[in-house]
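# Descriptive analysis of the structure
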Number of protein chains: 2
Amino acid sequence: MKISEYFPIWDQLTAEQQKWLKQSAVYRELPKGTVIHSGELDCLGMILVEHGRLRAYMISDEGREITIYRLLERDICLFSASCMLKNIQFEITVETETDAAVRIIPPAGFKRLMEESAPMANYVNQLMAGRFSEVVWLMEQIMWKSFDSRLAAFLLEECMLEETEVLKITHEKIADHLGTAREVVTRMLRYFQGEGMVRLSRGTVEILDEKKLGQLAK
Amino acid sequence: MKISEYFPIWDQLTAEQQKWLKQSAVYRELPKGTVIHSGELDCLGMILVEHGRLRAYMISDEGREITIYRLLERDICLFSASCMLKNIQFEITVETETDAAVRIIPPAGFKRLMEESAPMANYVNQLMAGRFSEVVWLMEQIMWKSFDSRLAAFLLEECMLEETEVLKITHEKIADHLGTAREVVTRMLRYFQGEGMVRLSRGTVEILDEKKLGQLAK
């Protein structure tokens, strides 16, 4: 994938700016499970996802996790360059969920580019607004949606991402995504199984009734 | 207050841009309880708070509220101009909590200014990052902090804002701020009263032991 494809404002950059972006982006292949970015102080740069899937999550003091969003092909990870964004004061961890290939743009140079180029600054603005909206959506889910509905939505999303109806995932892992305890997940999955929506076996969750789960997720 | 004081990047604007900002900002006095902005479609413009206090909150389908953040003197409200920010897809309501005076900058013109001026685009970026951090902080509180601690922190913050130790506030109102049900607030306040931290009477909560509440809030 070309660098220009990540930036819809490419044509509004100067030839020099385009050249800098092309030359400074470093290609890297990352095996599944690589922690790319962790915490506030880490500042690797902007990550452009070429292929694979990344997961951004938060960790509580007690080590509990919750998935904030996923990054797929063509996505840009902003918060791995949080040092170039004034006022970002939260700690996000970004990890590869599958084998992945990314390009990394160094933060200092990118910051300079944003200071020079209003189109680029506005585009970063747009990216942040998108992430902001996702986080607000997630907060609404947590506050106002019941857990059965969140779990159903999660299972359906996973099926879509993994392109399968038999998810290889532990209850512990699901709990980490949804920011809850394993027991809570296990209890609800058993209820789903009782209702004929899923079939459970060691380390897998098989989706049996997508329609019913879909109604629950709404 | 001068318009220039709201924008630390004032000196990086052109004389024309400065003139536009000064001329287009409309002064308005708003009584307590005025809804300034409501929902996604509303797009009044950027609000610069001259004095008073504004509250930004979300409302669930069932009418339950939660306070996202407060705007005080010298603050700028970004989301009342969400139409000029691509990708903002959530609905926030902004209301005056006290009598207030604001200046309003029309969104179309401000959008143009952001497109022209990289310093302004980066400053808006910074403002958004600050709000983003507040929302992430709030989400962490909701997910991982117990309710007693959130309630204690809320009472102490209210005392600071209102400059009093006797808060005139109903349990219903507190529930709206914290995104919970009235009964939950009443139960916890009674527990606080039992522990000698507050004294309750009709429509008021009096803080008796600030230190103890402070420890709980941590």
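Rules used in this analysis
Residues numbered from 1 in each chain as written. Chains lettered and ligands numbered in written order. Predicted model: local features only at pLDDT ≥ 70, side-chain atom pairs only at ≥ 80, totals over all residues. Heavy atoms only, no water. Salt bridge = Lys/Arg side-chain N within 4 Å of Asp/Glu carboxyl O. Helix = DSSP H or I, 4+ residues; strand = E, 2+ residues; numbered from the N terminus. Buried < 20%, exposed > 50% of the residue type's maximum accessible area, 1.4 Å probe, protein only. Contact = heavy atoms within 4.5 Å. Buried area = accessible area lost by both parts, 1.4 Å probe. Polar contact = N/O pair within 3.5 Å; in protein donor to acceptor, adjacent residues only side chain to side chain. Nonpolar A, V, L, I, M, F, W, Y, C, P; charged D, E, K, R; others polar. Phe/Tyr/Trp six-rings, centres within 6.5 Å; stacked < 30°, edge-to-face > 60°. Lys NZ or Arg CZ within 6 Å of the ring centre and 35° of its normal.

We now examine the pattern of salt bridges. In this structure the tally under the stated criterion is 24 salt bridges over all chains. Note that arginine 55 of chain A and glutamate 65 of chain A form a salt bridge whose closest N and O atoms lie 2.9 Å from each other. On the criterion of sequence distance, the pair formed by arginine 55 of chain A in strand β4 (residues 54–59) and glutamate 65 of chain A in strand β5 (residues 65–71) is long-range, its members being ten residues apart. Given a relative accessible area of 4%, arginine 55 of chain A falls into the buried group. Linking glutamate 162 of chain B and arginine 53 of chain B is a salt bridge whose minimum nitrogen-to-oxygen distance equals 2.9 Å. With glutamate 162 of chain B in helix α4 (residues 147–162) and arginine 53 of chain B in the loop between β3 (46–51) and β4 (54–59), the pair connects residues that are 109 residues apart, well separated along the chain. A relative accessible area of 6% means that arginine 53 of chain B is categorised as buried. The structure contains a network of salt bridges with shared partners spanning Arg53, Arg70, Glu97, Glu157, Glu158 and Glu162 of chain A.

The subject of this paragraph is the interface of chain B and chain A. Each side of the interface is counted separately: chain B has 39 residues, and chain A has 39 residues. Note on chain B versus chain A: buried area summed over both sides is about 3,400 Å², and carbon and sulfur give 73% of it. When the buried surface of chain B facing chain A is broken down by residue, Phe132, Met139 and Trp144 of chain B rank first, second and third, together holding 23% of it. Between chain B and chain A we count zero salt bridges in total. Where chain B packs against chain A, one counts four residue pairs in polar contact (both at pLDDT 80 or more). When residues of the side of chain B that touches chain A are traced back to their parent elements, those giving at least two are β4, β5 (65–71), α2 (107–116) and α3 (118–144) of chain B. Classifying every residue of the side of chain B that touches chain A by side-chain character gives 22 nonpolar, ten polar and seven charged.

Time to look at the environment of histidine 37 of chain B. Residue and element names in this part refer to chain B. Tracing the sequence through the fold places histidine 37 in strand β2 (residues 35–38). With 44 residues separating them in the primary sequence, histidine 37 and alanine 81 have C-alpha atoms 8.9 Å apart. Residues in contact with histidine 37, not counting those within four places in the same chain, are Asp42, Phe79, Ser80, Ser82, Ile92, Thr93 and Val94. In terms of polar contacts, histidine 37 uses its side chain to reach the backbone carbonyl oxygen of phenylalanine 79, at 3.3 Å.

All names here are of chain B. Note on placement: glutamate 165 falls in the loop between α4 and β9 (166–168). Among the residues examined, glutamate 165 registers a relative accessible area of 46% and is labelled partly exposed. For the pair glutamate 165 and glutamate 115, spaced 50 residues apart in sequence, the C-alpha to C-alpha distance is 47 Å.

Turning to the packing of aromatic side chains, a few remarks are in order. Under the definition given, this model contains 13 aromatic pairs over all chains. Relative to phenylalanine 79 of chain B, the ring of phenylalanine 132 of chain A lies with its centre 5.2 Å away and its plane at 85 degrees, an arrangement referred to as edge-to-face. With phenylalanine 132 of chain A in helix α3 (residues 118–144) and phenylalanine 79 of chain B in the loop between β6 (76–77) and β7 (93–96), this residue pair bridges two chains. Given a relative accessible area of 2%, phenylalanine 79 of chain B falls into the buried group. Residues tyrosine 191 of chain B and phenylalanine 192 of chain B carry aromatic rings whose centres are separated by 6.2 Å and whose planes lie at 55 degrees to one another, so their mutual orientation is tilted. According to the relative accessible area criterion, tyrosine 191 of chain B is partly exposed, its value standing at 44%. Residue phenylalanine 192 of chain B is classed as buried on the basis of its relative accessible area of 0%. Among the aromatic side chains, those forming a connected cluster through ring pairs are Phe79, Phe90 and Phe132 of chain A together with Phe79, Phe90 and Phe132 of chain B. Sitting over the face of the ring of tyrosine 69 of chain A, arginine 131 of chain A holds its NZ or CZ atom 4.4 Å from the ring centroid. For arginine 55 of chain B, the ring lying beneath its charged end belongs to tyrosine 57 of chain B, and the centroid distance is 4.0 Å.

Honestly, that's just the spatial picture; any functional story needs more than this.
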